Amino acid sequence: MKVRIDRIARDIEIINSFTSTPGRGITRFTFSEPYMQARAYLAEELQKIGARVATTPGGNLCGRIEGGMTGLPSVMTGSHIDSVLHGGRFDGVAGVVAALEAARVMAEEKPAHRHPVDVVVFAEEEGSRFGSVMIGSRAWIGKLTSEDLNRLKDQDGVSYAAAMADAGIAPEAASLLRPGMVKAMIELHIEQSLVLESKGLSIGVVEGINGIKQFAVSLTGVSNHAGATPMGLRHDALQGAARVIAAVEEIAVQEPGATTVATVGVLTCEPGQANVIPGKVRFTLDIRDLDSGRIDQAARRIMSVIQKTCQDRGLAFDIQPRSDTPPVRLSKEVVRLIETTAREKGIKTLRMPSGALHDSSILPEVTEVGMIFVPSKAGRSHCPEEETNLEDIGAGAELLLGAVAKLAS
Ligand SMILES: [Zn+2]
């Protein structure tokens, strides 16, 4: 069995012909006209290979190819086709077309499989339209209720439920996704980072999705005249913040495993005048790792630097937790199965965490989940420059096909 790169290329081209911002990247918000056109194309392609196509709770599209035995849990694969504003051609799309092509090959070559295979297009993964990420997958497993879908609104005040109805799709009465209904799920996705490219590899096997802890930090000193206040008599909040921010990088780099990433992404300084010593600085702190213990350790070390710096410089500080998303471990069995399949196909792989969230972070509550990463050129993503080699998507699709066929056999 072999996937066909020409068909994958054609799928990518057709799906990306549907965008609200032609010439300025891909903008395909959930349930918008271009979204529904791309969705209709995929439904048609799935029907061509004999899949039974349905809309699930949350507005996801699911095309099922039946297996040789009834009543068995399905093997699921897929991703999303909604995008950010002026996004790229591969985020989500790569995983959807790889899943479609794997299903095509299975439908054509009919390897004996007992389990049904489901190709899924998850709705509103990016949160670009309704301001909340992974709505489709969360609604499907019952984490979001129909009241939530009425409450979540876009910029024009249209609710998720109303937008779905306006687009002419209605979830079948079919029930929520419960444990036991899906044997395993594998999502192929672009890496959205530089690791695979820097190592010259085509495939990453994702072990888990990084947890995120965010804090809002403020340091308070004394605003004063920049000319009249001698250096030794200052309480400069920005000088304190500069020491802390430098330490953030050092601490993250020193964490064992070198997997911790820490970022100060927002910094404001008051009063923000060239001739006034900064009296107050606020900044954000974002720490991520696959291991929550390492996140906590890095956070503790950064907190103690804040404490010591403020003590030394006569500053006050305040640290407020902003968000805490625990890491998600993907299935060890599925990771091993993907690696074994890759070895058989002569494809070199690298185990890695995912720095970004995906629908695959939601589904471990109901099934065994694995992810395959393909490289992003220069690590670019969520922008028109987003690029992945077709050969790499082909290698990923080939691996996906092998793994799904094994799971479904
Ligand atoms: Zn994505």
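Residues numbered from 1 in each chain as written. Predicted model: local features only at pLDDT ≥ 70, side-chain atom pairs only at ≥ 80, totals over all residues. Heavy atoms only, no water.

Visitor: Which residues make up the coordination of the zinc ion, and what values go with them?
Guide: Note on the zinc ion: its protein donors are His80 (NE2), Asp91 (OD) and His189 (NE2). The metal-donor distances range over 2.0 to 2.1 Å. When the donors of the zinc ion are listed by position in the chain, the intervening gaps give H-x10-D-x97-H. Pair noted here: His80 is in strand 3 (residues 74-80) and Asp91 is in the loop between strand 3 and helix 3 (93-109), with a separation of eleven residues, a long-range link. Judged by relative accessible area, which is 0%, His80 ranks as buried. (Donors = N, O, S within 2.8 Å, 3.2 Å for Na, K, Ca; no water. Helix = DSSP H or I, 4+ residues; strand = E, 2+ residues; numbered from the N terminus. Buried < 20%, exposed > 50% of the residue type's maximum accessible area, 1.4 Å probe, protein only.)

Visitor: Lay out unusual backbone geometry in plain terms, naming residues and giving numbers.
Guide: For residues besides glycine, phi is generally negative; the peptide bonds are generally trans as well. The step from Glu270 to Pro271 runs through a cis peptide bond, and the omega angle for that step is 5 degrees. Relative to the helices and strands, Pro271 is located in the loop between strand 10 (267-270) and strand 11 (276-277). With a phi angle near 55 degrees, His86 is a residue other than glycine that sits in the positive phi range. Judged by its relative accessible area of 24%, His86 falls in the partly exposed class. With a phi angle near 60 degrees, Gln192 is a residue other than glycine that sits in the positive phi range. Within the secondary structure, Gln192 is located in the loop between strand 5 (182-190) and helix 7 (195-199).

Visitor: Could you give me a rundown of the nonpolar core, with the residues and numbers involved?
Guide: The biggest cluster of nonpolar side chains holds 71 residues, and the ones touching the most others in it are Phe31, Leu42, Ile81 and Tyr160. If you tally residues by element for this core, the top one is helix 3, at twelve residues. Beyond its immediate chain neighbours, meaning those up to four positions away, Phe31 contacts Met36, Gly58, Gly59, Ala123, Arg129, Phe130, Tyr160, Ala163, Met164, Ala167 and Ile169. In this structure, Cys62, Met185, Met352 and Met371 belong to the second largest nonpolar core, which totals 23 residues. (Core = buried A, V, L, I, M, F, W, Y, C linked by side-chain atoms within 4.5 Å. Contact = heavy atoms within 4.5 Å.)

Visitor: So what about the pattern of salt bridges? Which residues, and what values?
Guide: As enumerated under the stated definition, the model contains 26 salt bridges in all. Close ionic contact of Arg4 with Asp6 constitutes a salt bridge, the shortest N to O distance being 2.8 Å. For Asp6, a relative accessible area of 46% translates into the label partly exposed. Linking Lys213 and Asp324 is a salt bridge whose minimum nitrogen-to-oxygen distance equals 4.0 Å. Here Lys213, found in strand 7 (residues 211-220), pairs with Asp324, found in strand 13 (residues 316-325); they are 111 residues apart in sequence, far enough to count as distant. (Salt bridge = Lys/Arg side-chain N within 4 Å of Asp/Glu carboxyl O.)

Visitor: Lay out the side chain of Asp289 with the relevant residues and their values.
Guide: Along the chain, Asp289 falls in strand 12 (residues 280-289). Given the relative accessible area of 0%, Asp289 is considered buried. A distance of 2.8 Å separates a polar side-chain atom of Asp289 from the backbone nitrogen of Asp291. If we skip the residues at most four places from it in the chain, Asp289 touches Asn210, Gly211, Thr259, Thr260, Arg294, Ile295 and Pro327. (Polar contact = N/O pair within 3.5 Å; in protein donor to acceptor, adjacent residues only side chain to side chain.)

Visitor: How would you sum up the domain arrangement of the chain? Please name residues and give values.
Guide: Taken domain by domain, the chain holds domain 1 (5-209 + 327-408) and domain 2 (211-325). In this structure, domain 1 and domain 2 have C-alpha centres spaced 38 Å apart. At the interface, eight residues of domain 1 touch seven residues of domain 2. Summing both partners gives a buried area of about 610 Å² for domain 1 against domain 2, and 68% of it is carried by carbon and sulfur. Together, Pro327, Arg329 and Pro353 form the three largest contributors to the area buried by domain 1 at its contact with domain 2, with a combined 65%. At the junction of domain 1 and domain 2, the tally comes to zero salt bridges. Taken together, domain 1 and domain 2 are joined by two residue pairs in polar contact (both at pLDDT 80 or more). (Domains from an automatic or database assignment. Buried area = accessible area lost by both parts, 1.4 Å probe.)

Visitor: Talk me through the state of the cysteines; I want residue IDs and the actual numbers.
Guide: For the structure shown, the criterion picks out zero disulfides. Here Cys310 is not cross-linked by a disulfide; its sulfur's nearest cysteine counterpart is in Cys269, at 14 Å. (Disulfide = S-S within 2.5 Å.)

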